[in-house]
Amino acid sequence: MDISEEIRALQLDSAEDSGVIDVEKSRPDEADGVVHMEEDAEGSSSADQVHVAPKDTEGSSSTDQVQVVPKEKEKVEAPVQEVKQAVNTDEEVKNKKRHLNVVSIGHVDAGKSTIGGQILFLSGQVDDRTIQKYEREAKDKARDSWYMAYIMDTNEEERSKGITVEVGRAHFETETTRFTILDAPGHKSYVPNMISGASQADIGILVISARKGEFETGYEKGGQTREHVLLAKTLGVSKLIVVVNKMDDPTVNWSKERYDEIESKMVPFLKSSGYNVKKDVQFLPISGLVGSNLKTRADKSTCPWWNGPCLFEVLDAVEVPTRDPKGPFRLPIIDKFKDLGTVVMGKVESGSVREGDSLIVMPNRVNVKVVALYVDENKVRYAEPGENLRVKLSGIEEEDILSGFVLSSVSKPIVAVNEFIAQLQILELLDNAIFTAGYKAVLHVHSVVEECEIVELLHQIDTKTRKPIKKRVLFVKNNAAVVCRIQVNNLICVEKFTDFPQLGRFTLRTEGKTVAVGKITELRTIGNNA
Ligand code: GTP
Ligand code: MG
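The rules behind each value
- Residues numbered from 1 in each chain as written.
- Chains lettered and ligands numbered in written order.
- Predicted model: local features only at pLDDT ≥ 70, side-chain atom pairs only at ≥ 80, totals over all residues.
- Heavy atoms only, no water.
- Pairing = 2+ DSSP bridges.
- Helix = DSSP H or I, 4+ residues; strand = E, 2+ residues; numbered from the N terminus.
- Donors = N, O, S within 2.8 Å, 3.2 Å for Na, K, Ca; no water.
- Buried < 20%, exposed > 50% of the residue type's maximum accessible area, 1.4 Å probe, protein only.
- pLDDT = per-residue confidence, 0-100.
- Contact = heavy atoms within 4.5 Å.
- Axes fitted to C-alpha atoms, helices over the stretch in contact; angles between N-to-C directions.
- Left-handed = near helix turned anticlockwise from the far one by under 90°.
- Nonpolar A, V, L, I, M, F, W, Y, C, P; charged D, E, K, R; others polar.
- Phe/Tyr/Trp six-rings, centres within 6.5 Å; stacked < 30°, edge-to-face > 60°.
- Lys NZ or Arg CZ within 6 Å of the ring centre and 35° of its normal.
- Patch = residues over 30% accessible without salt bridge, like charges linked within 9 Å, V, L, I, M, F, W, Y side chains within 5 Å.
- Areas by Shrake-Rupley, 256 points an atom, 1.4 Å probe, with all protein chains shown as cover.
- Salt bridge = Lys/Arg side-chain N within 4 Å of Asp/Glu carboxyl O.
- Near = heavy atom within 4 Å.
- Polar contact = N/O pair within 3.5 Å; in protein donor to acceptor, adjacent residues only side chain to side chain.

K.L.:
Run through the pairing of strand E21 (residues 448-461), naming residues and quoting values.
P.N.:
Relative to E21, strand E20 (residues 440-445) is paired through six bridges, and the arrangement is antiparallel. Among the inter-strand pairings, Lys440 is bridged to a residue of E21, identified as Glu453. In this structure, E21 lies alongside strand E24 (residues 481-493), joined through eight bridges in antiparallel fashion. Pairing of Cys452 across the sheet is with Val488, part of E24. Across two bridges, E21 lies against strand E22 (residues 468-469) in antiparallel orientation.

Listed below in structure tokens is the structure:
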């Protein structure tokens, strides 16, 4: 059955206006026309700039040029240190470059971290000495070719196993745009981390390995290429840049036939996942390891048949989603740590925030004050939607915050609920199980991860006509669309999809597999919501 219809029926497409990735139309020098949030592209320095957010303290030895932001576990010991004491004025905010959050997704070993590392290297922030050090370290671990990935994979476990576990973060700038790269893990055990990374992203780089056998493994049922694409769409990643990677590999050797084969197989699948391939998807061949077709167009001697853009050109041309800086403030908390106070991390989904603002942490209703704001490693006074922030708060202890809580405006706080109505698209249930009242799953909605129970199936939706089916429904099977009532044990902060798509779209997972995607249509609270 064709899932595309049903996903479209659920209108999981981003509510934002999705512009076309048109490289020729919006080359860097013409970028003014595509900037929505920060209209003025002035103030862009000529040199590209990159900052890596380290995942652990080991990665931040003094010889490294790369600034590292600690990974989840180590954050308490590695506080916000590398803060440049620059503060922005409102005027500076208006003049600064536009900002985009980019998540790299795709099957394990497709080359996501290698590409991330190469982007940083090509941007001149990682010096040759550091690369040589990583080469030696990779060799010692018998992982010679992994040295580029070591720029993003900063902790010991990741380096010795050669897989990304936690989402790596890095920052780099082109002439027109500041990018936050979120390097998601591809391994199936870490899909929840990928979900967290993708939920913070505006656009995705889907990495596909062209190496013989690798494309096939990633693409087949159970491979993460499919699962990631579906999740990305559900999580609001409205555009995809599909990079066909490892084109340098001896089994590929920049073969046009191989590239075309992959593109022709991916297109119907992307369509069926809800992407408008003409408008929102751009394919290009690259080699992350060698660094071809990334910052500059592929050499004709390497790839004579490619006349399209390179990755940086495509990134520069992507439109920034429209965001409302005047909406009620919403920042889902992804992580928190102590640093002479309580610091929370997350992406601003709605509204703006200013140093000194009074806000409320929901659902525990604690009034807090914004002591300081950090974008990347810079201290700022003011930040708009779309920014990945660290916010230092007074009035709350770090242990009183959980990821999934939402930093919210006081006048229009986000509501806390333990029940909601949702339209669900069932994908594939484990062992073709039936989906009925009493079904339990793990709910992922923005940064919330919470066990939930389907307490009632209200009615099924005809996937062809998209109309409700009047007949009483007791169970549904794979590929069905159904409206149901869902409960969680703890209060969670979510929104109706129509009000805040990013806070109202979710996935249900069972035993490590995504079984359904959905959108919230009605919020309810049962019992005491104190
Ligand atoms: P996970 O994070 O574990 O999902 O993997 P990943 O997608 O980040 O892949 P990673 O960057 O760790 O690379 C996996 C392997 O593929 C390494 O051995 C890389 O050297 C190799 N690789 C990545 N890109 C290329 C490329 O362009 N060409 C070739 N030949 N090998 C590559
Ligand atoms: Mg990786």
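K.L.:
I'd like to hear about the coordination of the magnesium ion (ligand 2), residue by residue, with values.
P.N.:
Those protein atoms acting as donors to the magnesium ion (ligand 2) are Ser113 (OG) and Thr164 (OG1), and they sit at 2.0 Å. Of this pair, Ser113 sits in helix H3 (residues 112-122) while Thr164 sits in the loop between helix H5 (156-161) and strand E3 (168-173), and the two are 51 residues apart along the sequence. Like Ser113, the residue Thr164 is buried in the burial classification.

K.L.:
Requested: an account of the confidence of the model for the protein chain, with residues and values cited.
P.N.:
Considering every residue of the protein chain, the mean pLDDT works out to 83; 81% of them sit at 70 or more. The low-confidence segment residues 56-68, where pLDDT is below 50, has 40 contacts with residues more than four positions distant or belonging to other chains. The low-confidence segment residues 70-87, where pLDDT is below 50, has 46 contacts with residues more than four positions distant or belonging to other chains.

K.L.:
Hey, could you go over the packing of helix H6 (residues 191-199) against helix H8 (residues 224-234) for me, with residue numbers and the actual values?
P.N.:
At a closest axis distance of 10 Å, the pairing of H6 and H8 adopts a crossing angle of 35°. Like other packed secondary-structure pairs, H6 and H8 cross with a definite hand, here right-handed. In this structure, H6 contributes Val191, Met194 and Ile195 to the contact, and H8 contributes Glu227, His228, Leu231 and Ala232. Classifying every residue of the contact of H6 with H8 by side-chain character gives five nonpolar, one polar and one charged.

K.L.:
Before we move on, could you go through the packing of aromatic side chains and cite the residues and values that matter?
P.N.:
Each aromatic ring pair is summarised here by two numbers: the centre-to-centre distance and the angle between the ring planes. Taken as a whole and assessed by the stated rule, the structure comprises 10 aromatic pairs. With a centroid separation of 5.9 Å and 90° between ring planes, the pair formed by Tyr219 and Phe269 is classed as edge-to-face. Placement of the pair is Tyr219 in helix H7 (residues 214-219) and Phe269 in helix H9 (residues 256-272), with a sequence separation of 50 residues. For the pair Tyr219 and Phe269, one class covers both residues: buried. Taken together, the ring pairs in this structure connect Phe172, Phe179 and Phe312 into an aromatic cluster. Geometry around Tyr219 places Arg226 over its ring, the cationic atom sitting 4.5 Å from the centre. For the cation-ring pair, Lys233 lies above Tyr275, with the distance from its terminal atom to the ring centre recorded as 4.7 Å.

K.L.:
So what about a nonpolar patch on the surface? Which residues, and what values?
P.N.:
Taken together, the side chains of Ile434, Leu474 and Phe475 define a hydrophobic patch exposed on the protein surface, amounting to about 300 Å² of accessible area. Mapped onto the secondary structure, Leu474 falls in the loop between E22 and strand E23 (475-476).

K.L.:
Residue-level account of the site of ligand 1, with values.
P.N.:
The environment of ligand 1 is made up of 22 residues, and the closest members are Lys112, Thr114, Ser145, Thr164 and Asp248. A distance of 2.7 Å is found between an oxygen atom of ligand 1 and a side-chain nitrogen or oxygen belonging to Thr164. One of the side-chain N or O atoms of Ser287 is found 3.2 Å from an oxygen atom in ligand 1. When ligand 1 sits alone it has 650 Å² of accessible area, and the protein chains cover 97% of it. A total of three residues in the shell around ligand 1 trace back to one element, the largest contributor, which is H3.

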